[in-house]
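Overview (structure and organization)
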Amino acid sequence: QVQLVESGGTVVQAGGSLRLSCAASGRTFSVSKMGWFRQAPGKEREFVAAIIRSTGSTYRADSVKERFTISGDNARNMVYLQMNDLKPEDTAVYYCAAALLANRNYDFWGQGTQVTVSS
């Protein structure tokens, strides 16, 4: 099992920046891929960004590609999401996720952290 705990969510003004953190514990050595997802009220959960732990390769949704950056610290079992130029439409609960296999769906999920962007 892998446990994930997100932190860093808060209320921020449009145009501001925020960094989310995800702390992983448990059988972290078995994790191949870490990702961030978000779910806005009344909408389905959507992919935001992912990082492959062994190579550092990253992937981002088109909607955030120019503004968000995912990074990881394998030694500390941490994953970060740096969010710049935030917009009201970025308001959502942000979830951290872990996958055992890089080419498969995510196996473990955190509880989420709320990000609210005020206009």
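The structure displayed is predicted, hence computed values, not measured ones.

**Some words on the overall build of the chain**
When you go through the chain residue by residue, the secondary structure sums to zero helices and 11 strands. For the chain, the C-alpha atoms occupy an extent of roughly 40 × 25 × 25 Å along the three principal directions.

**Looking at the state of the cysteines**
Within the structure shown, the criterion is met by one disulfide. For Cys 22, the disulfide goes to Cys 96, at an S-S distance of 2.1 Å. In this structure, the disulfide formed by Cys 22 and Cys 96 twists by about -80 degrees around the S-S bond and is classed as left-handed. With Cys 22 in strand E3 (residues 18–26) and Cys 96 in strand E9 (residues 92–99), this residue pair connects regions lying 74 residues apart in the sequence.

**Remarks on the pattern of salt bridges**
The final tally for this structure, using the stated rule, is six salt bridges. Arg 67 is the partner of Asp 90 in a salt bridge, and the nearest nitrogen-oxygen pair spans 2.7 Å. On the criterion of sequence distance, the pair formed by Asp 90 in the loop between strand E8 (78–83) and E9 and Arg 67 in the loop between strand E6 (58–60) and strand E7 (68–73) is long-range, its members being 23 residues apart. Comparing Asp 90 with Arg 67, the two get one shared label, buried. The partner of Arg 76 in a salt bridge is Asp 73, with the nearest N and O atoms 3.8 Å apart. What makes Asp 73 partly exposed here is its relative accessible area of 23%. Linked through salt bridges whose partners overlap, the residues forming this network are Arg 38, Glu 46, Arg 67 and Asp 90.

**Re the side chain of Arg 53**
Here Arg 53 lies in the loop between strand E5 (46–52) and E6. One buried charged residue, Arg 53, forms no salt bridge at all, with the nearest opposite charge on Asp 73 at 7.8 Å. Polar contacts involving the side chain of Arg 53 include one to the side chain of Asn 77, which spans 3.0 Å. Apart from residues no more than four positions distant in its own chain, Arg 53 is found in contact with Thr 28, Val 31, Ser 32, Lys 33, Met 34, Asn 74 and Asn 77.

**Section: the sheet that holds E7**
Strands sit in the order E1-E3-E8-E7 across an open sheet of four strands; the sheet is antiparallel. In the strand order of this sheet, the two ends are held by strand E1 (2–7) and E7, each with one partner. The mean angle between the axes of side-by-side strands here comes to 15 degrees, regardless of whether they run parallel or antiparallel.

**Brief notes about the packing of aromatic side chains**
How two aromatic rings sit relative to each other is given by the distance of their centres and the angle of their planes. As enumerated under the stated definition, the model contains four aromatic pairs in all. A centroid spacing of 5.7 Å and a plane angle of 75 degrees characterise the contact between Phe 37 and Phe 47, whose relative ring orientation is edge-to-face. Linking Phe 37 in strand E4 (residues 33–39) with Phe 47 in strand E5, this pair joins segments that are 10 residues apart in sequence. Residue classification places Phe 37 among the buried positions, given a relative accessible area of 10%. Taken together, the aromatic side chains of Phe 37, Phe 47, Tyr 106 and Trp 109 make up a single cluster linked through ring pairs. If you follow Arg 19 out to its NZ or CZ, it ends over the ring of Tyr 80, 4.1 Å from the centre. Here the guanidinium or amino end of Arg 45 rests over the ring plane of Trp 109, the centre of that ring lying 3.8 Å away.

Basis of the calculations
- Residues numbered from 1 in each chain as written.
- Predicted model: local features only at pLDDT ≥ 70, side-chain atom pairs only at ≥ 80, totals over all residues.
- Heavy atoms only, no water.
- Helix = DSSP H or I, 4+ residues; strand = E, 2+ residues; numbered from the N terminus.
- Disulfide = S-S within 2.5 Å.
- Salt bridge = Lys/Arg side-chain N within 4 Å of Asp/Glu carboxyl O.
- Buried < 20%, exposed > 50% of the residue type's maximum accessible area, 1.4 Å probe, protein only.
- Lys, Arg positive; Asp, Glu negative; His and termini not counted.
- Polar contact = N/O pair within 3.5 Å; in protein donor to acceptor, adjacent residues only side chain to side chain.
- Contact = heavy atoms within 4.5 Å.
- Pairing = 2+ DSSP bridges.
- Axes fitted to C-alpha atoms, helices over the stretch in contact; angles between N-to-C directions.
- Phe/Tyr/Trp six-rings, centres within 6.5 Å; stacked < 30°, edge-to-face > 60°.
- Lys NZ or Arg CZ within 6 Å of the ring centre and 35° of its normal.

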